[in-house]
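Take a look at the letters that make up each chain.
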2 protein chains.
Amino acid sequence: MKVRIHVSLKPGVLDPQGRAVHHALESLGFSGVQDVRIGRLIELDLADGTSDEAIDEMCRKLLANMVIENYRIEKPELAA
Amino acid sequence: MKVRIHVSLKPGVLDPQGRAVHHALESLGFSGVQDVRIGRLIELDLADGTSDEAIDEMCRKLLANMVIENYRIEKPELAA
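- Chain A goes by Phosphoribosylformylglycinamidine synthase subunit PurS in an unreviewed UniProt entry, where it is assigned to Croceibacterium xixiisoli.

See the structure below:
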């Protein structure tokens, strides 16, 4: 079972990596870039019986820093 | 215009960060984790007229390392 976790910084939290990429895009001549924010995309390959609660616990305990980050769980196979 | 870029390692490329997270999940007692791969999620806020070609060029020139990474462009607003 493949599961994707999207981890992104909460609104208002400073994103120095995103700011550096923003400047780099402008230096390369790309205009019209208003904001850049960078998060993580974690692809988990889990045993089929893994419960939603277990996935949620993985996020809260390890994958996301709940103080400054939000996470979203996406199950691509359920959509098919 | 909000655009999301998903950047992930190409299949076969070693992912030490993913391996570390895999071991950490097992140490925390989560069973059934078969694989973990970690990529980046880049959220761009662009001027409305930005062409697909320009976004593609940003990915190829800066956001993704085309030697070892794939990217996928997602435009959430077009789906609405």
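With respect to the interface of chain A and chain B
For step 1, the next point in the chain: Each partner contributes to the interface: chain A provides 32 residues, whereas chain B provides 32 residues.
For step 2, the next point in the chain: For the pair chain A and chain B, the summed buried surface comes to about 2,700 Å²; carbon and sulfur atoms form 66% of the total.
For step 3, the next point in the chain: Counting the contacts that link chain A with chain B gives zero salt bridges.
For step 4, the next point in the chain: The tally of links between chain A and chain B comes to ten residue pairs in polar contact (both at pLDDT 80 or more).
For step 5, the next point in the chain: For the side of chain A that touches chain B, the elements supplying multiple residues, two or more each, are strand S1 (2-9), helix H1 (16-27), strand S2 (33-46) and helix H2 (52-63) of chain A.
For step 6, the next point in the chain: Sorting elements by how many residues they give to the side of chain A that touches chain B places S2 of chain A first, with 14 residues.
For step 7, the next point in the chain: Across the side of chain A that touches chain B, the residue classes break down as 17 nonpolar, six polar and nine charged.
For step 8, the next point in the chain: Note that S2 of chain A and strand S2 (residues 33-46) of chain B share 13 bridges and pair antiparallel. Note on S2 of chain B: the bridge partner recorded for Arg-40 of chain A is Arg-40 of chain B.

Here's the deal with the sheet that holds strand S3 (residues 69-74) of chain B
For step 1, the next point in the chain: Pairing is antiparallel in the open sheet, where six strands are placed in the order S3(A)-S1(A)-S2(A)-S2(B)-S1(B)-S3(B). Of all strands in the sheet, those bounded by a partner on one side alone are strand S3 (69-74) of chain A together with S3 of chain B. Strand after strand, the sheet turns through a mean of 25° between neighbouring axes, direction not considered.
For step 2, the next point in the chain: Across the sheet, H2 of chain A is in contact with S1, S2 and S3 of chain A together with S2 of chain B; its angle to S3 of chain A comes to roughly 150°.
For step 3, the next point in the chain: Across the sheet, helix H1 (residues 16-27) of chain B lies against S2 of chain A together with S2 of chain B, angled at about 125° from S2 of chain B, the strand it touches most.

Rules of the game
Residues numbered from 1 in each chain as written. Chains lettered and ligands numbered in written order. Predicted model: local features only at pLDDT ≥ 70, side-chain atom pairs only at ≥ 80, totals over all residues. Heavy atoms only, no water. Contact = heavy atoms within 4.5 Å. Buried area = accessible area lost by both parts, 1.4 Å probe. Salt bridge = Lys/Arg side-chain N within 4 Å of Asp/Glu carboxyl O. Polar contact = N/O pair within 3.5 Å; in protein donor to acceptor, adjacent residues only side chain to side chain. Helix = DSSP H or I, 4+ residues; strand = E, 2+ residues; numbered from the N terminus. Nonpolar A, V, L, I, M, F, W, Y, C, P; charged D, E, K, R; others polar. Pairing = 2+ DSSP bridges. Axes fitted to C-alpha atoms, helices over the stretch in contact; angles between N-to-C directions.

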